[in-house]
Amino acid sequence: MSDSGRRLALDGGTPVRREPLLPGWPGGLLIGDAEKAQVLEVLESQSLYRHYGPRPRRKTAELEQGFARVIGARHALAVTSGTGALIVGLAALGVGPGDEVVVPAYTWVATVNAVVTLGAVPVFVDIDESLTMDPTVLEAAITPATVAIVPVHMRGAGADLAAILAVAERHGLAVLEDAAQAVGGHYRGRRLGTFGKIGCFSLQYHKTITTGEGGMVVSDDTALYERAVRYHDQGSVRVEELDELIPEGSPLLIGVNYRMSELTAAVGVAQLGKMDWIIGQMRAHKARAVRGIRGTAGLTIRPLPDPEGDTGATLIFSVPTPEAATRFAQALTAENVRASVPWTSGQHVYYHFDQLIERRFLSRRHCAWECPHYQGKATLRKGQFPRTDEILRRAVHIDLHPLLAESDVDDIVTAVDKVATAIL
Ligand SMILES: Cc1ncc(COP(=O)(O)O)c(C=O)c1O
């Protein structure tokens, strides 16, 4: 490498790449003829609503059946977003005011907002180096008010489900998996989202496959599925499949509206057909990148509970200090290998959930928000989870797009090596 090639682009050297890498929108950048044909079919039918229209195409039902089949769940319900999926799933489990729900301190804020929206209290626990819920601290977070545990499969990879399920079983608690960021991923040979009582997925634009906005709820439990159907559709059951499954006079439930539009579902049907190809590509890119950077002094590649199940959406490694991580990500981005340290930005970490910080959670253990007699300690503070902070501040993330060429992946390796040599 020439001198200017060795000098970091951040310091005026020549960048490893001329153009930035493709951003982390796997399904989004693959939208093409299949999606167009599906959407056109719905438009031409003038039947944009799942339950009726002049010539219904039943795309929402088709997406649900296809998703259930691919994921390996008995039932799937399409909803308007991943957040909607979480709210519907938690409501189906009966989560409500005064209940506590255990969530990891690192997740997209939607996981927490869903809990709070139902009047329940999020109880945070640390993550470990896998960047998912640390099962060894779970037990300490459980109280008589706990009703559910929500492991979140972050950045394409599953949490340590075996250990989490064991704790849940010991305490008789429901597990709801937030698989929004790992749609199509596996754990020990089975798809994520099929281990808990309920699995929730997002089809938002940054996810494995996308409908722009959208979400899915899956369950093997017909009674829970029925409750999810009711909650997402004003308390009613208008899914034909359920007619034969539910007993006469099953309990009523008040619901709202999280129904998916036929246009959204049409895109989903086409995208679902691409999911495993997308994952295969991303996994191949990640394997190549990991082979290239493994052994680089000072880097530790994110350890995963089940590396075989990773969707490959993100390459993550940690470096010795937060300062080095920040500079590493800036230097990589200047080399046109976009990288970030997500601890610092956005609402992915409890530390930045400002709307929840120091609030008084509604809880059976304590008083409600704003309760004058509040004496407890169930508030959320910045710095409350130093281990989570420390892990995340040192973690550098790079999104891997399925359409990368091998030469793009080799550029990632070259850039990581160049930056590591310069700054570690
Ligand atoms: C972990 C996690 N949970 C839930 C969601 C919510 O999904 P959506 O944006 O579709 O509402 C997201 C994604 O945005 C997410 O990353």
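All of the points below concern the structure found in this document. (Residues numbered from 1 in each chain as written. Predicted model: local features only at pLDDT ≥ 70, side-chain atom pairs only at ≥ 80, totals over all residues. Heavy atoms only, no water.)

Brief notes about the environment of Phe353
With respect to the secondary-structure elements, Phe353 resides in the loop between helix H12 (322-334) and helix H13 (386-393). Sequence separation between Phe353 and Ile316 is 37 residues; the distance between their C-alpha atoms is 23 Å. (Helix = DSSP H or I, 4+ residues; strand = E, 2+ residues; numbered from the N terminus.)

Some points on H13
Along H13, the residues that are buried comprise Thr388, Asp389, Ile391 and Leu392. All buried residues of H13 lie within an arc of 170° about the axis, which places them on one face of the element. Lining the buried residues of H13 we find strand E12 (395-399). (Buried < 20%, exposed > 50% of the residue type's maximum accessible area, 1.4 Å probe, protein only. Arc of directions from axis to C-beta. Contact = heavy atoms within 4.5 Å.)

Focus on the layout of surface pockets
Taken as a whole, the largest pocket spans an internal volume of roughly 850 Å³. For the lining of the largest pocket, the elements supplying multiple residues, two or more each, are helix H4 (82-92), helix H5 (110-117) and E12. Grouping the constituent residues of the lining of the largest pocket by class yields 18 nonpolar, 19 polar and 6 charged. In terms of domain composition, the lining of the largest pocket takes at least three residues from each of domain 1 (33-274 + 360-370) and domain 2 (275-347 + 386-423). (1 Å grid on protein atoms, 1.4 Å probe; cavity = no way out; pocket = protein on both sides within 12 Å on 5 of 7 lines; lining within 4 Å. Points joined across faces, edges and corners; volume = space filled by probe spheres on them. Nonpolar A, V, L, I, M, F, W, Y, C, P; charged D, E, K, R; others polar. Domains from an automatic or database assignment.)

Comments concerning the side chain of Glu262
Here Glu262 is to be found in helix H10 (residues 262-272). One buried charged side chain, Glu262, makes no salt bridge at all; its nearest oppositely charged neighbour is Arg50, positioned 5.6 Å away. Only 3.1 Å separates the side chain of Glu262 from the backbone nitrogen of Arg58, close enough to count as a polar contact. Excluding its chain neighbours within four sequence positions, the residues that come into contact with Glu262 are Val42, Ser47, Leu48, Tyr49, Arg50, Arg57, Arg58, Lys59 and Thr60. (Lys, Arg positive; Asp, Glu negative; His and termini not counted. Salt bridge = Lys/Arg side-chain N within 4 Å of Asp/Glu carboxyl O. Polar contact = N/O pair within 3.5 Å; in protein donor to acceptor, adjacent residues only side chain to side chain.)

Some thoughts on the nonpolar core
Ranked by size, the top nonpolar core spans 83 residues in total, and within it Phe317, Phe328, Leu332, Val396, Ile398, Ile412 and Val416 carry the most contacts. Summarising the domain contributions, this core has at least three residues from each of domain 1 (33-274 + 360-370) and domain 2 (275-347 + 386-423). In terms of nonpolar packing, the next biggest core, distinct from the first, is built from 29 residues, Ala73, Val183, Phe201 and Met216 among them. (Core = buried A, V, L, I, M, F, W, Y, C linked by side-chain atoms within 4.5 Å.)

Description of the sheet that holds strand E9 (residues 215-219)
Ordered by their spatial adjacency, 7 strands build an open sheet running E1-E9-E8-E5-E4-E2-E3, and the pairing between neighbours is mixed. Each end of this open sheet is capped by a strand with a single partner; those strands are strand E1 (75-79) and strand E3 (121-125). Recorded for the sheet is a direction-independent mean angle of 25° between the axes of neighbouring strands. As judged from the 3 bridges shared by strand E5 (residues 174-178) and strand E8 (residues 198-202), these two strands associate in the parallel manner. If you follow Glu177 over to E8, its bridge partner there is Gly199. In the packing of helix H8 (residues 222-232) onto the sheet, the strands contacted are E1, E8 and E9, and the crossing angle to E1 comes to about 15°. (Pairing = 2+ DSSP bridges. Axes fitted to C-alpha atoms, helices over the stretch in contact; angles between N-to-C directions.)

Some thoughts on empty space enclosed by the protein
Applying the stated criterion across every chain yields a total of 1 cavity of 30 Å³ or more. Contributions of two or more residues to the lining of the largest cavity are made by E1, E9 and H8. Classifying every residue of the lining of the largest cavity gives 7 nonpolar, 2 polar and no charged.

A look at the sheet that holds strand E10 (residues 300-301)
An order of E10-E11-E12 is seen for the 3 strands of this open sheet, with the pairing classed as antiparallel. The strands lining the two open edges of the sheet, one partner per strand, are E10 and E12. Where E10 meets strand E11 (residues 314-318), 2 bridges bridge the pair, whose relative direction is antiparallel. Counterpart to Thr300 in the pairing with E11 is Ser318. Sitting on the sheet, helix H11 (residues 275-293) touches E10 and E11, and the angle it makes with E11 is about 25°. Packed on one face of the sheet, H12 meets E11 and E12 and runs near 25° to E12.

Digging into a nonpolar patch on the surface
A cluster of nonpolar side chains, contributed by Leu22, Trp25, Leu29, Trp277 and Leu403, occupies part of the molecular surface with about 430 Å² of accessible area. Structurally, Leu22 is set in the loop between helix H1 (3-6) and helix H2 (33-45). (Patch = residues over 30% accessible without salt bridge, like charges linked within 9 Å, V, L, I, M, F, W, Y side chains within 5 Å. Areas by Shrake-Rupley, 256 points an atom, 1.4 Å probe, with all protein chains shown as cover.)

Quick notes on the pattern of salt bridges
Tallied over the entire structure, the rule returns 23 salt bridges. Between Glu41 and Lys59 there is a salt bridge whose closest N-O contact spans 3.2 Å. Here the residue Glu41 occupies a position in helix H2, and Lys59 occupies one in helix H3 (residues 59-71), the gap between them amounting to 18 residues. Each member of the salt-bridge network shares a partner with another, and the members are Glu41, Arg57, Lys59 and Glu62.

Notes on the environment of Arg55
Turning to its location among the elements, Arg55 is positioned in the loop between H2 and H3. As a C-alpha pair, Arg55 and Glu19 span 36 residues in sequence and 47 Å in three-dimensional space. Excluding anything up to four places from it in sequence, Arg55 contacts Glu44, Ser45, Gln46 and Ser47. A distance of 3.3 Å separates a polar side-chain atom of Arg55 from the backbone oxygen of Glu44.

Some thoughts on the packing of H3 against H10
To characterise two packed helices, one gives the angle between the axes of the helices and the distance between these axes. The contact between H3 and H10 brings their axes to 8 Å, and the two run at 35°. Here H3 and H10 pass one another in a crossing that is left-handed. Across the interface between the two elements, Lys59, Thr60, Glu62, Leu63, Gly66, Phe67 and Val70 of H3 pack against Glu262, Ala265, Ala266, Gly268, Val269 and Leu272 of H10. Among the residues forming the contact of H3 with H10, the class breakdown is 7 nonpolar, 3 polar and 3 charged. (Left-handed = near helix turned anticlockwise from the far one by under 90°.)

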